[in-house]
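Spelled out from the first residue to the last, the chains are:
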Amino acid sequence: MTASSSRPVAAQSLPSTVADAAGAEREMANAIRALAMDAVEQAKSGHPGMPMGMADVATVLFTEVLKYDPSAPDWPDRDRFVLSAGHGSMLLYALLHLAGYAQPTMDEIRRFRQLGSLTPGHPEHGHLPGVETTTGPLGQGLANAVGMAIAERHLAARYGADIVDHRTYVIAGDGCLMEGISHEAISLAGHLKLNRLTVLWDDNHISIDGPTELAVSDDQLKRFEAAGWMTLAVDGHDARAVRDALGQARSSDRPVMIACRTTIGYGAPTKGGTAGSHGAPLGEAEIAAARKQLGWPHAPFTVPDHVLKAWRDAGARGKPERLAWEKRLAARPDAASFGAEIKGGLPPGWRAKLRDHIKALCAKPVKTATRQASALALDVLAQAIPALVGGSADLTGSNNTRAKSQAPLSAKDYGGTYLFYGVREHAMAAAMNGMALHGGVVPYGGTFLVFSDYSRPAIRLAALMGVRVVHVMTHDSIGLGEDGPTHQPVEQLAALRAIPGLSVFRPADAVETAECWELALADAGRPAVLALTRQSVPQLRTRMSDENRSARGGYVLAPASGARRATLLATGSEVQIAIAAREQLEQQGVATAVVSLPCFELFDQQDAAYRAEVLGPGSVRVAVEAGVRTGWEKYLGDAGAFVGMSSFGASAPFEHLYPHFGITAEAAVAAVKQRL
């Protein structure tokens, strides 16, 4: 083992007693290899190579180092294990089965990659206890783990090491380190000195196309060292070296990367060490030869009793520590609040405080940008919800994401509740997923809406997992003005609305902004985007309501004066344009209603009768939004009109841009009259 070179130290000869132990350990690792070969072969698809190559490393980690209890998989103080190289999912499924988790059973392993199984092609959070996050898109798991490590340090600062004292381990592959998100993630982790984070790099020199030298020649150890990490290099098939490295990592004052030099498809006589073992079944003949080479004579999906017992004994070692931890927690006066926060609960009274804020707005209306209205809401929420941890990708002053009461979360003070992420949208979004998955933290982060494209992969995974993260995305249209089309989002709202399971809020004024914050935080099983303006908008809601009117996704903001002939639908800053158009139409004798649609997703969940009532059956429908038309068709039908963007924007003051692109009250009026 070395801290400065990627050349691993060779294994030395062992005394007989140690050799016996090493033999038993190798047999435990071979159980992983056999299950991986068998499951991939039966499914006729999958990735056997990585599980076979990293089996020795994973065996040491799960039998000697990792703190967990299979009988209580949600134990808050367990170590977190993230398989960032999610294509090697059979490694994780084999580990969970062997260590004694209730699932997956051997039958589920036999059903690997089949419809309805608990063992999908890539690990999916929520399918199995022990799967801490959904991985597969390479690098995302590594960045999730950075978020988990941040959450651990933050909660340890708040509650003390007596009940928050765990670590985060990651297995990452060459692909994870090639993806750009890894640069942002390791840089952030190094900056924050997250010394409870350890990355085990599967340094096997193989990717799908062949040897990694075809595409990359980075010195990964120097790369991590430059980011402030401690680095070690070991032979990944030498259990002693792996054990020693993991022990050394525990005393580091920085995050640690251990380069584990492995042979992909270890044990496969002709495909081992080649791309042929990466992403395809080995084939019956190769598996038979591998069984012989590994000294594993057992039938497919069979683990001998003595091997299984050794694994189950190793898995059971964490139970006494977990029981002792539960006693310590029960003796604390804050046990209930800690437990509630870990499970995603919010403290009593937070909604009442936000309602008081809305009441104050109605009493004294404000004309302000919705990003600034968001800041007003955050000043209330940050004090009402201690678990709220915010941040921004170097746009704090523009996003207005830092509440007055928030102190920075840094390497000097992990107890702060505001993160300066730097220009790292990829890592910020993925780290927020990790914080939410860890529990005890309700994360939100800010950037410009146009840069949601950087955050999109992590947002999609948040929606797939059903975790609560809030993305505050400001400068939401051509209304941002002079920065021009590079920064003016046009297609982003439609693209975000296309993600299943994501709530996209675009509030029209300060009251709707507060309501949308309430809705985003109240739903612990869904991520949200708040699309907010740079430019000021009038407060259209001035009467206090007993209900959150935005909760239904859309509602009649201004009713028609008589039998409705026209309906103007709008979101965000364009609602004021719809209101102005309504006034003109009403003056011309056209009874017109204005519908505010702050959230398509919530509106679509309402019953058909309510949706019809809001949309106005038989009325002419015209939508106004400073984005593309995509997604509006379901409300407009074939006869409706859309007043919005069909091109990129331009650089100019926003007051000039709206008439230039025809997004005006007059355009909405003309569209209605043309269709009457």
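Note that the coordinates shown come from a computational prediction; the quantities given were computed from them, not determined experimentally.

Chemist: Tell me about the environment of Pro76, and name the residues and values.
Modeler: You can see Pro76 is positioned in the loop between helix 2 (49-65) and strand 1 (80-83). Separated by 250 residues in sequence, Pro76 and Glu326 place their C-alpha atoms 9.8 Å apart. In this structure Pro76 touches His166, Trp325, Phe338 and Ile342, once residues within four positions along its chain are discounted.

Chemist: Before we move on, can you summarise the sheet that holds strand 3 (residues 197-203) with the specific residues and values?
Modeler: Spatially, 5 strands are ordered 1-2-3-7-6 in an open sheet, and the strand pairing comes out parallel. Looking at the sheet topology across the chains shown, the edges are occupied by strand 1 and strand 6 (230-235). Going across the sheet, the axis of each strand differs from the next one's by a mean of 20°, ignoring polarity. Along the sheet, helix 9 (residues 239-249) contacts strand 2 (168-172), strand 3, strand 6 and strand 7 (256-261); its crossing angle with strand 6, the most-contacted strand, is approximately 170°.

Chemist: I'd like a description of unusual backbone geometry, backed by residues and values.
Modeler: Phi is mostly negative for residues that are not glycine, and the peptide bonds are mostly trans. Residues Gln103 and Pro104 are joined by a peptide bond in cis, for which omega reads 5°. Structurally, the position occupied by Pro104 is in the loop between helix 3 (89-99) and helix 4 (106-110). Residue His475 is not a glycine yet carries a positive backbone phi of 55°. Mapped onto the fold, His475 is located in the loop between strand 12 (470-474) and helix 19 (492-497). For His475, a relative accessible area of 5% corresponds to the buried category.

Chemist: Can you lay out the packing of aromatic side chains for me, pointing to particular residues and giving the numbers?
Modeler: Each pair of aromatic rings is reported with the distance of its centres and the angle of its planes. Applying the stated rule across the entire model yields 18 aromatic pairs. Where Trp75 meets Trp325, the ring centres are 6.4 Å apart and the plane angle is 65°; that geometry is what we call edge-to-face. Within this pair, whereas Trp75 is found in the loop between helix 2 and strand 1, its partner Trp325 is found in helix 12 (residues 319-330), the two being separated by 250 residues in sequence. Residue Trp75 is classed as buried on the basis of its relative accessible area, which comes to 3%. Overall, the relative accessible area of 4% leaves Trp325 in the buried class. Taken together, Phe600, Phe603, Tyr610, Trp632, Tyr635 and Phe642 form an aromatic cluster joined through their ring pairs. Seen from the ring of Phe600, Arg497 lies directly overhead, with NZ or CZ sitting 3.8 Å from the centre. Looking at Arg552, its charged tip hangs above the ring of Tyr610, at a distance of 3.7 Å from the centre.

Chemist: Which residues make up the pattern of salt bridges, and what values do they have?
Modeler: Within this structure, the stated rule accounts for 29 salt bridges. Notably, a salt bridge pairs Arg243 with Glu25, separated by 3.0 Å at the nearest N-O pair. With Arg243 in helix 9 and Glu25 in helix 1 (residues 16-43), this pair connects stretches of sequence that are 218 residues apart. For Glu25, a relative accessible area of 14% corresponds to the buried category. The salt bridge partner of Glu586 is Arg582, with a shortest N-O separation of 3.9 Å. With a gap of 4 residues between them, Glu586 and Arg582 both fall in helix 21 (residues 575-587), about one helical turn apart. For Glu586, a relative accessible area of 19% translates into the label buried. Under the relative-accessibility criterion, Arg582 is labelled buried at 19%. Look at the salt bridges and you will find they share partners, linking Asp476, Arg497, Arg506, Glu574 and Glu625 into a network.

Chemist: Describe in detail the sheet that holds strand 20 (residues 641-643), supporting the description with residues and values.
Modeler: Pairing within the open sheet is mixed, and its 5 strands lie in the order 16-18-17-19-20. Where the open sheet ends on each side, the last strands, each with one partner, are strand 16 (555-558) and strand 20. Adjacent strand axes in the sheet meet at a mean angle of 30° when their direction is disregarded. As paired strands, strand 17 (residues 566-570) and strand 19 (residues 620-624) are joined by 5 bridges and run parallel to one another. Each bridged residue has a counterpart across the sheet, and for Leu568 the counterpart in strand 19 is Val622. Along the sheet, helix 26 (residues 665-675) makes contact with strand 17, strand 19 and strand 20, crossing strand 19 at roughly 160°.

Chemist: Please give an account of the packing of helix 5 (residues 140-159) against helix 17 (residues 425-438) that cites residues and values.
Modeler: At their nearest, the axes of helix 5 and helix 17 sit 6 Å apart, and the two run at 55° to each other. When the axes of helix 5 and helix 17 are compared, the pair comes out oblique. Here the hand of the crossing between helix 5 and helix 17 comes out right-handed. Facing Gln140, Ala143, Asn144, Gly147, Met148, Ile150, Ala151, Glu152 and Leu155 of helix 5, the residues of helix 17 in contact are Ala430, Ala431, Asn433, Gly434, Met435, Leu437 and His438.

Chemist: Outline the side chain of His438, supporting the account with residue identities and numerical values.
Modeler: Inspection of the secondary structure puts His438 in helix 17. Residue class for His438 comes out buried when judged on its relative accessible area of 3%.

Chemist: Describe the packing of helix 17 against helix 18 (residues 452-465), and please don't skip the residues or the numbers.
Modeler: One way to put it is that helix 17 packs onto helix 18 with a least axis distance of 6 Å and a crossing angle of 20°. Here helix 18 runs roughly parallel to helix 17, going by the angle between their axes. Taken as a pair, helix 17 and helix 18 cross one another with a handedness that is right-handed. Side by side, helix 17 and helix 18 meet where Glu425, His426, Ala429, Ala430, Asn433 and Leu437 of the first sit next to Tyr454, Ser455, Ala458, Leu461, Ala462 and Met465 of the second.

How each quantity is defined
All residue numbers here refer to positions counted from 1 along the written sequence of the relevant chain. This being a predicted model, a pLDDT of at least 70 is required before a residue's local features are given, and a value of 80 or more before pairs of side-chain atoms are given or counted; all residues contribute to the totals for chains, interfaces and linings. Only hydrogens and water are set aside when side-chain values are computed; all heavy atoms of the structure are taken into account. A helix here means a DSSP run of H or I that spans at least four residues, while a strand means a run of E at least two residues long, and both kinds are numbered starting from the N terminus. Contacts between residues were defined by any pair of non-hydrogen atoms, one from each residue, lying within 4.5 Å. Here, strands pair whenever DSSP counts at least two bridges between them. Where helices are involved, their axes are fitted lines through C-alpha atoms of the stretch in contact, as for all axes, and angles between N-to-C directions lie from 0 to 180°. Between buried and exposed lies partly exposed: a residue is buried under 20% and exposed over 50% of the maximum accessible area for its type, with that area taken using a 1.4 Å probe on protein chains only. Any two of the Phe, Tyr and Trp rings considered here, Trp counted by its six-membered ring, make a pair once their centres fall within 6.5 Å; the pair's planes then place it as stacked at under 30 degrees, edge-to-face at over 60, or tilted in between. Lysine NZ or arginine CZ positioned within 6 Å of the ring centre and within 35 degrees of the ring normal marks a charge as sitting over the ring. Here, a salt bridge means any Lys or Arg side-chain nitrogen found within 4 Å of an Asp or Glu carboxyl oxygen. An angle below 35 degrees is treated as roughly parallel, one above 145 as roughly antiparallel, one from 65 to 115 as roughly perpendicular, and anything else as oblique. The crossing is said to be left-handed when, going from far helix to near helix, the turn is anticlockwise and less than a right angle, and right-handed when the turn is clockwise.

Taken by themselves, the reported measurements are silent on function.
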